[in-house]
Structures are given as structure tokens and as C-alpha cells.
Amino acid sequence: MTEQTVKTSDGRTITYRERGPGDVLALLELGPATPSTAWLEYALMVSSVEAIDTVPVIRPQTRLQLEQLANQIGHAGIEALSTALFGTDGPDRAEAERTAAKN
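Nothing here was measured: the structure is a model prediction, and the numbers come from that model.

Novice: I'd like a rundown of the sheet that holds strand 4 (residues 55-56), residues and numbers included.
Specialist: Judged by pairing direction, the sheet is antiparallel, and its four strands sit side by side in the order 1-2-3-4 without closing on themselves. Every other strand in the sheet has two partners, leaving strand 1 (4-7) and strand 4 as the edge strands with one partner each. Across three bridges, strand 2 (residues 13-16) lies against strand 3 (residues 49-52) in antiparallel orientation. Bridging across to strand 3, Thr15 finds its partner in Ala51. In this fold helix 3 (residues 63-86) packs onto strand 1, strand 2 and strand 3, with an angle of close to 55 degrees to the strand it touches most, strand 2.

Okay, structure coming up:
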């Protein structure tokens, strides 16, 4: 899949690439023993980031790296990525993502 970019509400540019089935398998090793669909979607979204403001990011290899990348992306980045990758499903989805980001 080709790289795409999205602009965040705080003015950053995030470059991302949709991940494939092999990436899902790799993420399963980083997550809980029985990951929820929400955890997996969130982890795929975070790991899809290739660069922030044209500065490349390293693909997470551990759960800690995944969490650090999520923090680097921030709330505005997560919201922009979520819209780009999953579309908008109204306020319920946005609220669920904000809650997941806090946990």
C-alpha cells in the first residue's frame, strides 16, 4: 500500500501506510493474550505511522515502543488517523477512541 498523509488539528502532518495481514500477526505478539478488536484496530492505526512532520518513526517492536509512538502521535494525530483509516461513525466512535487513548 502506498503512503498517505493526513493533517492534524494541531498542524502536524502524519504519513501513514495501511498495514497488512503479516503486520496484524506481529501486533498480536505485542498485545494481551486475548486482544479485543478495539485494541487491535488501535494498535494497527498507531503502527501504520511512517513519519511525523516528515521525520521517520521506527516501527514498534515492543508494546512499550507502541505506547511511546501512540503518545508521540497524540490525541489530535489519533483523531486524524482514525478518520482517515476508518471514516467517521459519529460521536460514539470518537468518544470510544478518546477513552481508549486515555487507558
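Continuing now.
Novice: Summarise the nonpolar core; cite the residues concerned and give the values.
Specialist: Ranked by internal contacts, the top residues of the largest apolar core, which has 21 residues, are Val46, Val49, Ile73 and Leu81. Every element with two or more residues in this core is listed here: strand 2, helix 1 (21-30), helix 2 (37-47), strand 3 and helix 3. Per element, the largest residue contribution to this core is seven residues, and it comes from helix 3. Not counting the four nearest positions on each side in its chain, Val46 is found in contact with Leu66, Leu69, Ala70, Ile73 and Ile78.

Definitions and cut-offs
- Residues numbered from 1 in each chain as written.
- Predicted model: local features only at pLDDT ≥ 70, side-chain atom pairs only at ≥ 80, totals over all residues.
- Heavy atoms only, no water.
- Pairing = 2+ DSSP bridges.
- Helix = DSSP H or I, 4+ residues; strand = E, 2+ residues; numbered from the N terminus.
- Contact = heavy atoms within 4.5 Å.
- Axes fitted to C-alpha atoms, helices over the stretch in contact; angles between N-to-C directions.
- Core = buried A, V, L, I, M, F, W, Y, C linked by side-chain atoms within 4.5 Å.
- Buried < 20%, exposed > 50% of the residue type's maximum accessible area, 1.4 Å probe, protein only.

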